[in-house]
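# Summary of the model geometry
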Amino acid sequence: MKTSIASLACSLTLLTATAGAQVPRVLGVWELDPAASSIPQGFPLASETRSYDLRNDGYLVNLVIRKLANGRPDFIQIVAKSDGKDYPQYQSGPLAEFQVNGTQTPLTYSETLIDDNSVSIIAKAGGRVNNKGVKNISADGKTMTIKVVAIAPNGQETPITLVFKRVSP
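These remarks concern the structure in this document. (Residues numbered from 1 in each chain as written. Predicted model: local features only at pLDDT ≥ 70, side-chain atom pairs only at ≥ 80, totals over all residues. Heavy atoms only, no water.)

### Describing the layout of surface pockets
It is the rolling of a water-molecule-sized probe over the atoms that shows where space remains empty. As a reminder of what qualifies: Lining residues are those with an atom within 4 Å of a point, where the points come from a 1 Å grid over the protein atoms alone and group into cavities, where a 1.4 Å probe fits but cannot get out, or pockets, open sets with protein on both sides within 12 Å along at least five of seven lines. Grid points are joined across faces, edges and corners, and a volume is the space filled by probe spheres set on the points. Asp, Glu, Lys and Arg are counted as charged, while Ala, Val, Leu, Ile, Met, Phe, Trp, Tyr, Cys and Pro are counted as nonpolar; the rest, among them Gly, fall into the polar class.
If you add up the space inside the largest pocket, you get close to 620 Å³. Along the walls of the largest pocket sit 29 residues, with Arg50, Arg66, Ile76, Gln89 and Asn131 positioned nearest its centre. In terms of residue class, the lining of the largest pocket is built from 18 nonpolar, 6 polar and 5 charged.

Dropping the structure here:
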């Protein structure tokens, strides 16, 4: 009994410490700063707000609300840990297919901890890497920069830098 209580306490401490090391600086709400960002011409993004919340089980919930250049709203939701594993990524289209036909999303997201301020990120569509890069929180905690390379099916790479300002903790 004593061993299992100690083991449970160790596991909970490890889970809490790991989750805390992964995310404390990113938690909160972030607003895209288009003027500070480097968005390729023709990229269909007009605005974006991101929120990051930590669940009690150590999963980070990332909700992205977007307004596309054509005026239509869109969203992305990912629930993941910074452990390098692929987690399902949901957006309007794949979620509608799931609701109507039970089709699982072909989109996945993974991130791996680099340090207290940065994670390496990889997004896939149908198992193929279509975005990879780094998400970094500034030392003062007020700016989040996501630098990725979008990879087209033909292998062409397009750099994208999205800069966000923290709007709430």
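### Re the packing of aromatic side chains
Keep this limit in mind: In this analysis, rings of Phe, Tyr and Trp, with Trp reduced to its six-membered ring, are considered paired at centre separations within 6.5 Å, and the interplanar angle assigns stacked below 30 degrees, edge-to-face beyond 60, and tilted for intermediate values. Strands here mean DSSP runs of E at least two residues long; helices mean DSSP runs of H or I at least four residues long; both are numbered from the N terminus. A simple rule labels every residue: compare its accessible area, found with a 1.4 Å probe on the protein chains alone, to the largest value its type can have, and call it buried under 20%, exposed over 50%, or partly exposed in between. The rule is short: NZ of Lys or CZ of Arg within 6 Å of the ring centre and within 35 degrees of the ring normal puts a charge over the ring.
Within this structure, the stated rule accounts for 2 aromatic pairs. Measuring from ring centre to ring centre gives 6.1 Å for Tyr59 and Tyr87, while their planes differ by 85°; the resulting arrangement is edge-to-face. One end of the pair, Tyr59, is in the loop between strand E2 (45-54) and strand E3 (60-68); the other, Tyr87, is in strand E5 (residues 87-91), and 28 residues separate them in sequence. Judged by its relative accessible area of 26%, Tyr59 falls in the partly exposed class. Directly above the ring of Tyr59 sits Lys81, whose terminal nitrogen or CZ lies 4.6 Å from the centroid.

### So, the pairing of strand E4 (residues 73-80)
Stated precisely, the cut-off is as follows: DSSP-based pairing: two strands are paired if at least 2 bridges between them are found.
In E4, alternate side chains face the same way, and those of Asp74, Ile76, Ile78 and Ala80 are buried while those of Pro73, Phe75, Gln77 and Val79 on the opposite face are not. In the sheet, E3 pairs with E4 via 8 bridges, with the strands oriented antiparallel. Directly across from Leu60, in E4, lies its bridge partner Ala80. Where E3 folds back on E4, the antiparallel hairpin that results is connected by 4 residues, among which Gly71 adopts a positive phi of roughly 90°. Inspection of the sheet shows E4 paired to E5 by 3 bridges, in the antiparallel sense. Across the sheet, Gln77 pairs through a bridge with Tyr90, a residue of E5. The loop that links E4 with its antiparallel partner E5 comprises 6 residues; one of these, Gly84, has a positive phi angle of about 80°.

### Describing the pattern of salt bridges
Close approach of charged atoms lets side chains of opposite charge pair. Going by this rule: Just to be clear on terms, a salt bridge is a Lys or Arg side-chain nitrogen sitting within 4 Å of an Asp or Glu carboxyl oxygen.
Summed over the entire model, instances satisfying the criterion amount to 5 salt bridges. A salt bridge links Arg55 to Asp57, with the shortest nitrogen-to-oxygen separation between them at 2.7 Å. When its relative accessible area of 44% is taken as the criterion, Arg55 is described as partly exposed. The class of Asp57 is partly exposed, set by a relative accessible area of 27%. The structure contains a network of salt bridges with shared partners spanning Glu48, Arg50 and Arg66.

### A word on the sheet that holds E5
For clarity, the threshold we go by: In this analysis an axis means a line fitted to C-alpha atoms, helices contributing only their contacting stretch, and an angle means the value between N-to-C directions, from 0 to 180 degrees. The criterion used for residue contact is that any of the two residues' heavy atoms lie within 4.5 Å.
Pairing within the closed barrel is antiparallel, and its 10 strands lie in the order E1-E2-E3-E4-E5-E6-E7-E8-E9-E10. For this sheet, the mean angle separating the axes of adjacent strands, direction not counted, is 25°. Looking at chain direction, E5 and strand E6 (residues 107-115) are connected through 2 bridges and run antiparallel. Its bridge partner lying in E6, Tyr87 is registered against Tyr109. Contacts between helix H2 (residues 92-101) and the sheet are confined to E4, E5 and E6, with E5 contributing the most and set at about 100° to the helix.

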